[in-house]
Amino acid sequence: MSINKFKAWMAAARPKTLAASVSPVLVACALAYRNGVFRLVPAILCLLVALLAQIASNFANDYFDFKKGADNENRLGQARAVASGWIRPKSMLIATLVVLATACLCGCGLLYYGGWWLIFVGIAIAVCVLAYSAGPYPLAYNGLGDICVMLFYGVIPLCFTYYVQAHAFTLNAFLLSVAMGFLSMNILIVNNYRDYEQDAAAGKRTTIVIFGRRFGQIFYLINALLAIIFAYPAYLYRDRSVWFMFLFFLMLELFTWQDLRRLSGSELNRILEQTSRNVLLFALLLVSLLAF
């Protein structure tokens with residue numbers, strides 16, 4: 001199957017998973033607004049850095065997974081651009097570096113608001129984007145993908161988005177960042193749960209390959225529960241009735257979890273989209289509690 005170049009690049013960017021990068025930034029901005037320290041320009045820069053870094057990571061995964069043989073004609077997930085022949089490997093590698101460089105450029109703007117030392121945070125993000133699936137010890141191939149998600153889709157974007165506005169790190173920001181990290185990890189869990197056989201054959205030792213699919217099912221549910229628990233700072237600004245909102249969200253997560261246990265193969269692509277949707281809904285719930 002051939003598609004036009006625009007659709008090919010859009011598919012490679014994986015827009016349905018970008019909630020993982022947008023959500024922690026939105027929550028951080030809501031917390032900053034609640035505390036009277038919200039600043040629009042650094043907030044926008046943080047959002048651009050987060051989005052561009054994830055797109056660069058998705059491009060890098062597309063390229064390096066193809067090179068390592070993790071993506072082939074037996075892939076159950078959404079078709080990858082390089083493996084499908086839509087985009088040449090060299091073009092994907094160049095695009096990865098260009099998008100990553102653009103993210104770094106946006107990040108340089110944050111030095112004005114947060115201090116020169118933030119350059120080390122930017123370097124860590126850039127290195128992780130490439131090291132996730134490339135290099136002599138690719139993190140995603142050695143059971144470290146979940147930790148990367150917690151750090152780079154939870155703790156780092158939320159805490160530092162708050163920092164460049166408030167010039168302070170707070171316990172509440174950290175707890176909310178961990179909550180978002182736990183929930184974002186479920187996106188990776190579904191992806192690895194679906195690709196269990198293919199990853200094992202390619203030598204990609206994800207936590208699901210290491211511990212098994214049953215572990216993945218339990219891990220998914222635990223992450224959802226921990227996300228609700230660590231979102232405790234959002235409860236401080238509301239009365240006890242807020243628990244009904246989180247109970248409704250938990251029911252949504254339980255329905256998604258039941259589908260995860262019931263479905264298999266390419267049917268799990270729908271669960272991946274639902275999980276990404278749940279991350280965004282959870283972020284919007286926290287934003288509503290913090291900012292309004």
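Read on for an overview of the structure. (Residues numbered from 1 in each chain as written. Predicted model: local features only at pLDDT ≥ 70, side-chain atom pairs only at ≥ 80, totals over all residues. Heavy atoms only, no water.)

What about the nonpolar core?
Right, on to step 1. Val27, Phe246, Phe282 and Leu286 are the most contacted members of the largest nonpolar core, which has 103 residues in total.
Right, on to step 2. At 14 residues, helix H6 (residues 145–166) tops the list of elements feeding residues into this core.
Right, on to step 3. Those residues within four positions of phenylalanine 246 in sequence are excluded, and the remaining contacts are Ile228, Ala231, Tyr235, Phe282, Leu285, Leu286 and Leu289. (Core = buried A, V, L, I, M, F, W, Y, C linked by side-chain atoms within 4.5 Å. Buried < 20%, exposed > 50% of the residue type's maximum accessible area, 1.4 Å probe, protein only. Helix = DSSP H or I, 4+ residues; strand = E, 2+ residues; numbered from the N terminus. Contact = heavy atoms within 4.5 Å.)

Observations regarding helix H4 (residues 89–114)
Right, on to step 1. Helix length check: H4, at 26 residues, gives a terminal C-alpha distance of 37 Å against a target of 38 Å (1.5 Å per residue), a fit within 8%.
Right, on to step 2. Within H4, the full set of buried residues consists of Met92, Ala95, Thr96, Val99, Leu100, Ala103, Cys106, Leu110, Tyr113 and Gly114.
Right, on to step 3. With its phi angle positive at about 110°, glycine 115 sits one or two positions after the end of H4. (Expected span 1.5 Å × (residues − 1).)

So, the packing of helix H2 (residues 19–34) against helix H7 (residues 171–194)
Right, on to step 1. For the pair H2 and H7, interaxial distance at closest approach is 10 Å and the crossing angle is 160°. Between H2 and H7, the angle falls in the class roughly antiparallel. Where H2 crosses over H7, the handedness of that crossing is right-handed. Where H2 abuts H7, its residues Ala20, Ser23, Pro24, Val27 and Leu31 lie against Asn172, Ala173, Leu176, Met180, Ser184 and Ile187.
Right, on to step 2. Partitioned by chemical class, the residues of the contact of H2 with H7 number 8 nonpolar, 3 polar and no charged. (Axes fitted to C-alpha atoms, helices over the stretch in contact; angles between N-to-C directions. Parallel < 35°, antiparallel > 145°, perpendicular 65-115°, else oblique. Left-handed = near helix turned anticlockwise from the far one by under 90°. Nonpolar A, V, L, I, M, F, W, Y, C, P; charged D, E, K, R; others polar.)

Some words on the side chain of glutamate 253
Right, on to step 1. Tracing the chain through its elements places glutamate 253 in helix H12 (residues 242–262).
Right, on to step 2. We note that glutamate 253 is buried and unpaired, the nearest opposite charge coming from arginine 277 at a distance of 6.5 Å.
Right, on to step 3. Aside from chain neighbours lying at most four places away, what touches glutamate 253 is Leu183, Asn186, Tyr220, Ala224 and Asn278. (Lys, Arg positive; Asp, Glu negative; His and termini not counted. Salt bridge = Lys/Arg side-chain N within 4 Å of Asp/Glu carboxyl O.)

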